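Notes for the structure review
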Amino acid sequence: MGGSPKKTSSVKKKEKKNNKKKMTIEQSTAYRRVSEWVFLDQSSIGGSPASSTRDDDFGVLVNHAKCSEKLVFELHSHSICSDGFLSPFKLVERAHNNGHVALPNSVAAFKLLAFVSTFYADFHVAGIKGGTCPAQGVKVLALTDHDTMSGIPEALDAAHKFGIKIIPGVEVSSIYHPREEAGSEEPVHILAYYSSCGPTRSEDLEKFLANIRDGRFLRAKNMVSKLNKLKFPLKWEQVAKIAGTGVAPGRLHVARAMVEAGYVENLKQAFARYLHDGGPAYSTGSEPLAEEAVQLICKTGGVAVLAHPWALKNPVAVVRRLKDAGLHGIEVYRSDGKLAVYSDLADAYDLIKIGGSDFHGRGGHSESDLGSVSLPVLVVHEFLRTARPIWCGAIRGILETYAEDPSQSKLDQIMKFGKTRRAFKGGALAKGSNDLIDLCLSSWLTNEERQDSVFEAIKLKLSRMSINAEGIQSPSGDK
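The rules behind the values
- Residues numbered from 1 in each chain as written.
- Predicted model: local features only at pLDDT ≥ 70, side-chain atom pairs only at ≥ 80, totals over all residues.
- Heavy atoms only, no water.
- Axes fitted to C-alpha atoms, helices over the stretch in contact; angles between N-to-C directions.
- Helix = DSSP H or I, 4+ residues; strand = E, 2+ residues; numbered from the N terminus.
- Left-handed = near helix turned anticlockwise from the far one by under 90°.
- Contact = heavy atoms within 4.5 Å.
- Nonpolar A, V, L, I, M, F, W, Y, C, P; charged D, E, K, R; others polar.
- Salt bridge = Lys/Arg side-chain N within 4 Å of Asp/Glu carboxyl O.
- Core = buried A, V, L, I, M, F, W, Y, C linked by side-chain atoms within 4.5 Å.
- Buried < 20%, exposed > 50% of the residue type's maximum accessible area, 1.4 Å probe, protein only.
- Phe/Tyr/Trp six-rings, centres within 6.5 Å; stacked < 30°, edge-to-face > 60°.

Remarks on the packing of helix α3 (residues 88-97) against helix α5 (residues 152-162)
It is the contact of α3 with α5, at a shortest axis distance of 8 Å, that shows an interaxial angle of 35°. Considering how the two elements wind past one another, α3 and α5 form a crossing that is right-handed. Along its contact with α3, which presents Pro 88, Phe 89, Val 92, Glu 93 and His 96, the element α5 presents Glu 154, Ala 155, Ala 158, Ala 159, Lys 161 and Phe 162. Here the contact of α3 with α5 is built from residues that sort into seven nonpolar, one polar and three charged.

Notes on the pattern of salt bridges
In this structure the tally under the stated criterion is 10 salt bridges. Between Arg 94 and Asp 369 there is a salt bridge, with the nearest N and O atoms lying 3.0 Å from each other. Pair noted here: Arg 94 is in helix α3 and Asp 369 is in the loop between β12 (352-355) and α13 (377-404), with a separation of 275 residues, a long-range link.

Quick word on the nonpolar core
Core analysis: the largest hydrophobic core is formed by 77 residues, its most contacted members being Phe 73, Tyr 193, Leu 306 and Phe 383. Discounting residues that sit within four places of it in the chain, Tyr 193 has contacts with Leu 75, Ala 142, Thr 144, Ile 167, Pro 168, Gly 301, Gly 302, Val 303, Val 305, Ile 354, Phe 383 and Trp 391. If you look at the next biggest cluster of nonpolar residues, it comprises 20 residues, including Ala 255, Ala 257, Leu 267 and Ala 270.

Overview of the environment of Leu 411
Mapping Leu 411 onto the fold places it in helix α14 (residues 408-417). Sequence-wise, Leu 411 and Ile 398 are 13 residues apart; in three dimensions their C-alpha atoms are separated by 9.8 Å.

A short note on helix α10 (residues 290-299)
Those residues of α10 that sit buried are Ala 290, Glu 291, Ala 293, Val 294, Leu 296 and Ile 297. Of the surrounding elements, those touching the buried residues of α10 are β7 (165-176), β8 (186-193), α6 (202-229), β9 (303-306) and α11 (315-325). Positive backbone phi, at 80°, marks Gly 301, one or two positions downstream of α10.

What about the packing of aromatic side chains?
Per the counting criterion, the structure on display carries eight aromatic pairs. With 5.5 Å between their ring centres and 80° between their planes, Tyr 193 and Phe 383 make a pair best called edge-to-face. Taken together, the residues span a long stretch of sequence, with Tyr 193 in strand β8 and Phe 383 in helix α13 at a distance of 190 residues. Residue classification places Phe 383 among the buried residues on the basis of a relative accessible area of 0%.

With respect to unusual backbone geometry
Even without being glycine, Arg 201 reaches a positive phi, approximately 45°. Structurally, Arg 201 is set in the loop between β8 and α6. Residue Arg 201 is classed as partly exposed on the basis of its relative accessible area of 45%. Backbone geometry at Asp 358 places phi at a positive 55°, although glycine is not the residue there. Its location among the elements puts Asp 358 in the loop between β12 and α13.

As for the environment of Tyr 193
Since its relative accessible area comes to 0%, Tyr 193 is described here as buried. Note: C-alpha distance between Tyr 193 and Ile 297 (104 residues apart in sequence) is 8.5 Å.

Next comes the structure, spelled out in structure tokens:
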């Protein structure tokens, strides 16, 4: 009797060791594939990116022989274009500066850390070298401002300087109506992630977002009115000033105005007492149904992910509804780790699991910083496995539409979200449309993804079309 438990324990330990070894191989494979996407230009040019120095997707020199890149993904962040405190440029700069780690110089410590780095599941220890690794902050940043993508171009320009890959994104405000299910309506936020070519049917998405922004103005004014009735003589002009020109005000702007006026001690108090969902000064805007938001994201070539489900009253009902509408994933990871209940919910509905800091830049110890959410390599790999076919299809559709009927507006859309914006500034695309297509494909897709007959047909159609800094030029043979 006494020997049986020991045997069982030994078997369990052996099984656990074997499982760990199996996962290590899986993690190593996932890391290589994610690296290929992060440093796409090195992979597409040829040669060994692990031993050569080449310009990465944003023109920044990277020497992989000297120091392996830390691949930190930040998939939820905000700028002053919605309710953040930093400009898109400053946001990217902060993301770049976060994560510089001084590492041990001793040979023994280096060997130990190098061994750990080979098998570690998290991106934050992707490669180790004695001393300090330069440029080891966030490597992939999704800017997901509320109901606007206006900050993406500035973020891309900053990314060129700091060597960060930008995923164009947006956090869409919506509302959940329970219908026949029990419960009350509640606000739901959906994160949308797009390719470096941006959304397809961009006009439809922009109109959709503009309607939401218009509703945010009305909502903020209603909040100010409710606060006035609660004997807080807050001025709308102050809220609008804090939000900034052209920015749709949100609750955070109202809360900041309350702090500045001395009505509350801090932002947390403003939300806890007055502005929380259902609070005495809370108000809704003209948000669309959550399922409509998910459907539009899918139709415009985006990946739809439910944001901060822990803030929902009835997350199961919401996820069930949105899964039927096409939802791809759910936020599960935070800076304090993985939330098991939402991980199980994702498993139950076959959804990918991601997470992000939801960084706004408001300061204080209560806010998670950029890059503070540890996303395991397998999680990021699964995200990209879902996203890349969607993005590839979106890029194919955008370029095919442009090839069928070239126009300046379509060209502007292609240039808005990608590397081509900077190429045009230098007049690098004067030879023809194929320059544009080659640049698009090498920057956005792997060799395997580019081996598509549709892309070859697009290049053939545009082979005689000239593009330069002045825009589209007619084929040389046309009069």
